[in-house]
Amino acid sequence: MPELPEVETVRRGLATWVVGRTIAGVDVGHPRAVRRHPAGPADFAAALTGRTVLAACRRGKYLWLPLDSGDALIGHLGMSGQMLLRPESAADEIHLRIRFRFTDDGPELRFVDQRTFGGLAVSPGGATLPGEISHIALDPLDPSFVDDEFVAALRRRRTEVKRALLDQTLVSGVGNIYADEALWRARLHGARPTSSLTRPAASGLLSHVREVLTEAICAGGTSFDSLYVNVNGESGYFDRSLGVYGRESEPCLRCGAPIRREHFMNRSSYSCPRCQRRPRRRLSPSIKDK
DNA sequence: CCTCATTCCTGCGGGC
DNA sequence: TGCCCGCAGGAATGAG
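Residues numbered from 1 in each chain as written. Chains lettered and ligands numbered in written order. Predicted model: local features only at pLDDT ≥ 70, side-chain atom pairs only at ≥ 80, totals over all residues. Heavy atoms only, no water.

Colleague: Before we move on, can you summarise the protein's contact with DNA strand B with the specific residues and values?
Modeller: In the vicinity of DNA strand B, the contacting residues are Arg32, His95, Gln114, Arg115, Thr116, Phe117, Arg157, Arg158, Thr159, Arg163 and Asn266. Taking the atoms of DNA strand B that fall within 4 Å of the protein, sugar and phosphate contribute 71% of them. At 2.8 Å from a phosphate oxygen of DNA strand B is found a side-chain nitrogen or oxygen belonging to Thr159. Partitioned by chemical class, the residues of the surface near DNA strand B number one nonpolar, five polar and five charged. (Near = heavy atom within 4 Å. Polar contact = N/O pair within 3.5 Å; in protein donor to acceptor, adjacent residues only side chain to side chain. Nonpolar A, V, L, I, M, F, W, Y, C, P; charged D, E, K, R; others polar.)

Colleague: How would you sum up the protein's contact with DNA strand C? Please name residues and give values.
Modeller: Around DNA strand C, 15 residues are found, and the nearest of them are Tyr62, His76, Tyr245, Arg267 and Ser268. Sugar and phosphate atoms represent 72% of those atoms of DNA strand C found within 4 Å of the protein. Contacts to DNA strand C include Lys61, whose side-chain N or O atom sits 3.1 Å from a phosphate oxygen. Interatomic distance of 2.5 Å between a side-chain N/O atom of Arg261 and a phosphate oxygen of DNA strand C. Split into classes, the residues belonging to the surface near DNA strand C amount to five nonpolar, five polar and five charged.

Colleague: Lay out unusual backbone geometry in plain terms, naming residues and giving numbers.
Modeller: Residue Thr116 is not a glycine yet carries a positive backbone phi of 55 degrees. With respect to the secondary-structure elements, Thr116 resides in the loop between strand S7 (108-113) and strand S8 (119-123). The backbone of Ser249 shows a phi angle near 75 degrees, a positive value even though the residue is not glycine. According to the relative accessible area criterion, Ser249 is exposed, its value standing at 55%. (Helix = DSSP H or I, 4+ residues; strand = E, 2+ residues; numbered from the N terminus. Buried < 20%, exposed > 50% of the residue type's maximum accessible area, 1.4 Å probe, protein only.)

Colleague: So, the domain arrangement of chain A: which residues are in play, and what are the values?
Modeller: Split into domains, chain A comes out as domain 1 (4-133) and domain 2 (147-271). Here domain 1 and domain 2 have C-alpha centroids that lie 28 Å from each other. Across the domain 1 to domain 2 interface the summed buried area is about 1600 Å²; carbon plus sulfur atoms make up 63%. Linking domain 1 with domain 2 are zero salt bridges, by the criterion used here. Run the count over domain 1 and domain 2 and you get four residue pairs in polar contact (both at pLDDT 80 or more). If you list the elements that add at least two residues to the side of domain 1 that touches domain 2, you get helix H1 (4-17) and strand S5 (81-86). Top element by residues in the side of domain 1 that touches domain 2 is H1. It accounts for 10 residues. (Domains from an automatic or database assignment. Buried area = accessible area lost by both parts, 1.4 Å probe. Salt bridge = Lys/Arg side-chain N within 4 Å of Asp/Glu carboxyl O.)

Colleague: Report on the nonpolar core, specifying residues and quantitative values.
Modeller: Nonpolar side chains in soluble globular proteins generally cluster together in the buried interior. Counting residues in each nonpolar core, the largest one holds 41 residues, and the members touching the most others are Phe150, Leu154, Tyr178 and Leu205. Among the secondary structure elements, those contributing two or more residues to this core are helix H3 (147-156), helix H4 (161-166), helix H5 (176-185) and helix H6 (199-218). Ranked by the residues each element gives to this core, the list is headed by H6, at eight residues. When residues no more than four places from it in sequence are discounted, the contact partners of Leu205 are Leu154, Val161, Leu165, Ala182, Leu183, Ala186 and Leu188. Counting 28 residues, the second largest nonpolar core, distinct from the first, contains Phe44, Leu73, Leu109 and Val231. (Core = buried A, V, L, I, M, F, W, Y, C linked by side-chain atoms within 4.5 Å. Contact = heavy atoms within 4.5 Å.)

Colleague: Which residues make up the sheet that holds strand S4 (residues 72-76), and what values do they have?
Modeller: The strand order across the open sheet formed by four strands is S2-S3-S4-S8, and the pairing between neighbours is antiparallel. Here the strands that pair on one side only, and so sit at the sheet edges, are strand S2 (57-59) and S8. Direction aside, the axes of adjacent strands within the sheet are offset by 25 degrees on average. Bridge analysis of S2 against strand S3 (residues 62-66) gives three bridges, and the strand direction is antiparallel. Bridging across to S3, Arg58 finds its partner in Leu63. In this fold H1 packs onto S2 and S3, with an angle of close to 20 degrees to the strand it touches most, S3. Each of S4 and S8 touches helix H2 (residues 41-48); the most contacted strand, S8, lies at about 60 degrees to it. (Pairing = 2+ DSSP bridges. Axes fitted to C-alpha atoms, helices over the stretch in contact; angles between N-to-C directions.)

Colleague: Account for the pairing of S7, naming residues and giving values.
Modeller: With six of six residues buried, S7 is to be regarded as a mostly interior element. In the sheet, S5 pairs with S7 via six bridges, with the strands oriented antiparallel. In the strand pairing of S7, Gly81 is matched with Asp113. Counted along the chain from strand S6 (residues 96-102) to the antiparallel partner S7, the turn is five residues long.

Listed below in structure tokens is the structure:
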């Protein structure tokens with residue numbers, strides 16, 4: 001469940017511990033971890049060996065490391081991916097998928113992933129922006145993000161507001177936890193039709209999204225089920241600051257009403273039944289046309 | 001173009 | 001005790 005704050009925490013760790021180092025060798029222990037690299041594990045390793053890492057970048061939940069070859073190592077942590085810096089002498093993790101050895105004496109980089117939804121690939125010529133993520137929207141913390149464009153695009157959609165927040169082609173970096181948190185802060189129910197949001201309501205929601213992401217980064221991310229850790233294997237502590245997520249039946253921190261849990265998009269949604277009123281009508285766009 | 005359901009995967013915990 | 005099932009869920013994919 002790494003979302004933007006967790007991925008950003010990992011990016012910062014990679015910037016500190018990996019940028020400037022040269023890769024001596026790569027071991028792919030599980031082919032599924034490089035399934036997004038069409039040329040296969042051997043080509044993946046060959047494209048990285050001898051390359052120097054120039055930077056650590058992020059868009060939404062994607063990470064990429066530009067290399068001196070002009071290519072980039074691109075990665076997504078999926079549900080349970082971890083990037084760990086460990087001494088060579090440390091025992092292998094059970095779910096170790098890929099190991100990166102370096103030409104110096106520093107720690108090796110390990111991609112560990114229990115549920116294997118994550119993966120790495122080499123993006124040819126992808127140092128500036130990997131083509132694999134060109135369809136991913138800017139995230140709200142990107143300096144190039146244009147608030148008015150997002151507000152307009154959100155209100156043009158014919159869907160529910162939580163679906164829109166989770167759509168990485170509209171705005172990236174927001175997952176189930178921070179969507180619920182931002183909606184609670186904005187006092188909006190996730191089923192609200194996006195087309196019914198006023199401009200100020202949409203703009204306010206964006207502010208709450210940005211705020212909760214920023215606060216979570218300061219806390220080092222959320223470690224709801226302890227699968228997510230930074231590059232040193234340490235947990236963040238934003239889970240202590242969650243307003244609704246995972247708090248079913250506990251009192252709303254604003255009004256005291258018991259937090260409700262609903263199933264939505266094959267996952268759980270948490271909200272306050274008093275602060276976040278359900279929309280009266282369902283989304284029925286063209287009922288008049290009949 | 002837009003929206004939405006499905007699929008991938010493994011460990012954990014509740015229920016019986 | 002042990003088995004089974006549901007749940008956790010991001011994003012690619014294909015259908016409509």
